[in-house]
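Take a look at the letters that make up each chain.
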Amino acid sequence: FPSTVAAAAALPLYTDITINGPAVQVLNVDDAGTYNTLGSRRYLRFTVNSQTDLTITANSSNPSVDKDTDFIVWRNGEVVALGFGPKEENPETETIENAEPGTYIIDVYDCANGCDSDQGTSSMPGDYTITVTVTSP
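Summarised in this report is the structure supplied together with it. (Residues numbered from 1 in each chain as written. Predicted model: local features only at pLDDT ≥ 70, side-chain atom pairs only at ≥ 80, totals over all residues. Heavy atoms only, no water.)

**Examining the nonpolar core**
The tendency in soluble globular proteins is for nonpolar side chains to be buried side by side. In this structure, Leu44, Phe46, Ile56, Val73, Ile106, Val108 and Val132 are the most contacted members of the largest nonpolar core, which totals 20 residues. Secondary structure elements with two or more residues in this core: β2 (24-28), β3 (42-48), β4 (52-60), β5 (69-75), β7 (92-99), β8 (102-110) and β9 (128-135). With near-sequence residues (within four places) excluded, Phe46 lies in contact with Ile17, Ile19, Leu54, Ile56, Gly102, Thr103, Tyr104, Ile106 and Val134. (Core = buried A, V, L, I, M, F, W, Y, C linked by side-chain atoms within 4.5 Å. Buried < 20%, exposed > 50% of the residue type's maximum accessible area, 1.4 Å probe, protein only. Helix = DSSP H or I, 4+ residues; strand = E, 2+ residues; numbered from the N terminus. Contact = heavy atoms within 4.5 Å.)

Rendered as structure tokens:
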């Protein structure tokens, strides 16, 4: 690890989250820089056992009025959902209808730390806690 990034901001690489389970918190940091650096994005993993609708919600502890929590949901190497709402939408929420059985990965980040300059970034990169839930009816 770069000496500036705490292990808690990068490990485990895939944090397990359970459908209809408790919220999971991960650290999202700018200690090694922003966009595509260690700790600037975090990954959560969950399993769908039978076809269902899912709602994924993510919210950053960033105190900025223009905070922007974003996420990408992957299954079998393909993007199945994008949580890229406007900055005013916090927490960020996205629904996946008829999610197929399998393993899913959520790539979640505070845009201040994880967005490239084309996506725009908030004026407050820093170390934040992102809270994520996955629910199904």
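**Concerning the packing of aromatic side chains**
Summed over the entire model, instances satisfying the criterion amount to two aromatic pairs. Both rings, one in Phe46 and one in Tyr104, keep their centres 5.2 Å apart while their planes meet at 10 degrees; by these two values the pair is stacked. Here Phe46 is found in strand β3, whereas its partner Tyr104 is found in strand β8, with 58 residues between them in sequence. Residue Phe46 shares its accessibility class with Tyr104, and that shared class is buried. Its guanidinium or amino end placed over the ring of Tyr109, Arg41 lies 3.9 Å from that ring's centre, counting from NZ or CZ. (Phe/Tyr/Trp six-rings, centres within 6.5 Å; stacked < 30°, edge-to-face > 60°. Lys NZ or Arg CZ within 6 Å of the ring centre and 35° of its normal.)

**Here's the deal with the pattern of salt bridges**
If you walk through the whole model with that rule in mind, you get two salt bridges. Residue Arg45 pairs with Asp16 through a salt bridge whose shortest N-O separation is 3.0 Å. Highlighted residues: Arg45 in strand β3 and Asp16 in strand β1 (residues 14-16), separated in sequence by 29 residues. The class of Arg45 is partly exposed, set by a relative accessible area of 33%. A salt bridge links Asp107 to Arg41, with the shortest nitrogen-to-oxygen separation between them at 2.8 Å. (Salt bridge = Lys/Arg side-chain N within 4 Å of Asp/Glu carboxyl O.)

Don't take any of this as a statement about function, it's just geometry.
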